[in-house]
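The chain contents come next:
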Amino acid sequence: MTTLPSSATVLIPPAIPPAVSHDAPDPQVLTPELLRAWAWHKQGLDGTLLGADAADVYSRAGWARSVGGANPYLTLFARAGTSRAQADADVLALKIHELPTARGCTYVLGRDDFAWGLQIGRDAAVAPFRVLARMGVERGEITLLEEEILHALAESGSPLDPKQLKDLLGASVRNLGEEGKKKGAATTLPTALGLLQADGRIRRVPANGRLDQQRYTYTLWGLARTAMDDDAARSLLLQRYLGWTGGATVKQSQWFTGFTLAHTKAALAATGAVEIPTAKGEVLWVLPDDVGRLASFEAPAEEQIQLLAGTDSLVLLRRNSGDLFAEQDKGKQVLGSTLALQADLPDHPIFDRGRIIGLWQYDPGESRIAHWLFGGATPAVSRRIGEVEAWIREELGDFRSFSLDSPASRQDRIDALDAAG
C-alpha cells in the first residue's frame, strides 16, 4: 500500500517561475527564512514531487545517504508518498541502487546516475589499496584476487556474501594480521571487492532486499562506463548539487563532493553558476536558471509539515542544520548539547517549510514517535506525526539512523525528548 502524506491534500505546489531573467535578487531579500523555504521547495518537500517514481525523486532532490539506516525510505515517503514495498521493488528491478560515489560514501541513486556516480567515487575506492601497499601488498596480487572473485561469482551463479567468498578463495585472500586490523584492513578481500564495485563489475545486493540494513551479498554486474572524462563528471555533480540545494557556498560544495578547491572552481565555472550575496553576508553559488526563480520566489503561507531523517538531503547536503533553526530556537539544548552549534543533528528533525520546529526518534518498544516540539503542536503537526508513526510501525518496524542503531542505543535520546516535550 502506498500511503500519501496528508500534506498532499492541503498543499498547493507553488508555481515555478519561468527562468526568464538572470537578474540577481536584492541580498536583503534573501533572509534565512526565505532561503529555508527556497531549499524546501528545491527538495520537493512542498508537494511538487508527490507521486514521482523513486529514481526521479533521487535525481531531483538528491541522492539519499545510506548507512544501513531508513533515510532512503523516508526520503521517498516524505516527497512522493512511496511505500517501502515499492522502493524495495525498485531496488530489485535495478531502477535504484546503493552505490559508493561522492567522497566514497554510499548513496541510493537512480538508474541514469549509476555509471557516472561510480566514476565520481572511483578514486576513493583506490585509497584502501594504498594502505595495503604500505604493508607489502602489490597491485598484481589484488588484480589476481579480483579475477578470482569474478570467477567464483560466475561459477556460483548466485550472489555470495564475503564469508562465502573468503571460504571459496582460500589462500588467495591474504590475512594481514594485527597490523592490518589496526589500519582497518584485516584481509585483502574488502579492497578487491571495493575496486570491483567501483568499476561496475560487481554490485552489492541487500541480503534481505531492504535498504535499512548492512548485510550484503555480491553478484556480477558488468555496468558500462560513461564516455565522459573526470572533469565532465565533476561538473555534472556540481550542477546536480546546486540544483538539489538551490545554491551553496564553495565550502559546502567542497564538503559534499570532496573536490579540491581547484576542481570545485573549475566545475562551478563549467556550470555557469552565479555568485549571489545573501542578507547574512554569505555568497551562494546558484545555477543560472535558478537566479530568476529565486528572485521571484515567495515562501508558502500555509504550514507544510514533514518528519525527516537526520541524514536527509535537506540537512546533509550542506551540513548547515544551524541555519535551519529560527533565531529564537538556536539556543535549545538536549542532553547538554546546543542544537544549532552541532554540524549534525543528534535526533531526526521535524520541519515546517524548511524550518526545524522539533526533533523526534522512534520508540519500537511502544510503537510510537517520541518528539519534542519547540512550540505548540498544531493540528497539521499532530496529524503528520501520526501518519509517519503509522508508516514506520506498519512498513518498517523500526527507524534506524544507521546500521548499529538500536532501540537500546537510542533510549537516552528518547527519554530526553520525552522530558523536553
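Every value quoted in this text rests on a predicted model; they were computed, and no experiment measured them.

Each value, and the rule that gives it
- Residues numbered from 1 in each chain as written.
- Predicted model: local features only at pLDDT ≥ 70, side-chain atom pairs only at ≥ 80, totals over all residues.
- Heavy atoms only, no water.
- Salt bridge = Lys/Arg side-chain N within 4 Å of Asp/Glu carboxyl O.
- Helix = DSSP H or I, 4+ residues; strand = E, 2+ residues; numbered from the N terminus.
- Buried < 20%, exposed > 50% of the residue type's maximum accessible area, 1.4 Å probe, protein only.
- Core = buried A, V, L, I, M, F, W, Y, C linked by side-chain atoms within 4.5 Å.
- Contact = heavy atoms within 4.5 Å.
- Axes fitted to C-alpha atoms, helices over the stretch in contact; angles between N-to-C directions.
- Parallel < 35°, antiparallel > 145°, perpendicular 65-115°, else oblique.
- Nonpolar A, V, L, I, M, F, W, Y, C, P; charged D, E, K, R; others polar.
- Pairing = 2+ DSSP bridges.

Asks: It is not clear to me how the pattern of salt bridges should be interpreted in this structure. Could you clarify?
Replies: Side chains carrying opposite charge are able to pair once their charged atoms draw close together. By the definition in use, this model includes 33 salt bridges. Between Asp231 and Arg234 there is a salt bridge; the shortest N-O distance is 2.5 Å. With a gap of three residues between them, Asp231 and Arg234 both fall in helix H11 (residues 230-245), about one helical turn apart. According to the relative accessible area criterion, Arg234 is buried, its value standing at 14%. Among the charged side chains, a network of salt bridges with common partners joins Arg122, Arg139, Glu146, Glu147, Asp199, Arg201 and Arg225.

Asks: Explanation requested: the nonpolar core in the structure shown.
Replies: Generally speaking, soluble globular proteins have nonpolar side chains that are buried together. Counting residues in hydrophobic clusters, the biggest one holds 35 residues, and the most contacted among them are Ile350, Trp360, Ile369, Trp391, Ile392 and Phe399. Within the residue set of this core, elements represented by two or more residues are helix H3 (54-61), helix H4 (71-80), helix H5 (84-92), strand S8 (305-307), strand S12 (355-363), strand S13 (368-373) and helix H16 (379-396). Ranked by residue count, the leading element in this core is H16, at seven residues. When residues no more than four places from it in sequence are discounted, the contact partners of Ile392 are Trp360, Tyr362, Ile369, Gly397, Asp398 and Phe399. Judged by nonpolar contacts, the second largest core, of 27 residues, contains Trp63, Ile120, Leu268 and Ala273.

Asks: Can you help me understand the packing of H3 against H4 in this one?
Replies: Between two packed helices, what matters for the description is the angle formed by their axes and the separation of those axes. Where H3 contacts H4, the axes come no closer than 10 Å and their chain directions differ by 90°. Between H3 and H4, the angle falls in the class roughly perpendicular. Side by side, H3 and H4 meet where Ala54, Val57, Tyr58 and Ala61 of the first sit next to Pro72, Thr75, Leu76, Arg79 and Ala80 of the second. In terms of residue class, the contact of H3 with H4 is made up of seven nonpolar, one polar and one charged.

Asks: Sorry, what's going on with the sheet that holds strand S2 (residues 96-100) here?
Replies: Strand-to-strand pairing in sheets goes through backbone hydrogen bonds, with the strands running parallel or antiparallel. Strands sit in the order S1-S3-S2 across an open sheet of three strands; the sheet is antiparallel. Lying at the two open borders of the sheet, with one neighbouring strand each, are strand S1 (64-65) and S2. Looking at chain direction, S1 and strand S3 (residues 106-110) are connected through two bridges and run antiparallel. Paired with Ala64 across the bridge in S3 is Val108.

Asks: Could you clarify how one ought to interpret the pairing of S3 in this entry?
Replies: Each regular strand displays side chains that alternate between the two surfaces of the sheet. Across the five residues of S3, five count as buried, placing the element largely inside the fold. Judged by which residues are buried, S3 turns out to be covered on both faces: Thr106, Val108 and Gly110 on one side and Tyr107 and Leu109 on the other are all buried. Here S2 runs beside S3; their pairing, made up of five bridges, is antiparallel. Across the sheet, residue Pro100 finds its bridge partner in S3, namely Thr106. Two successive antiparallel strands, S2 and S3, enclose a turn made up of five residues, where Arg103 displays a positive phi of approximately 60°.

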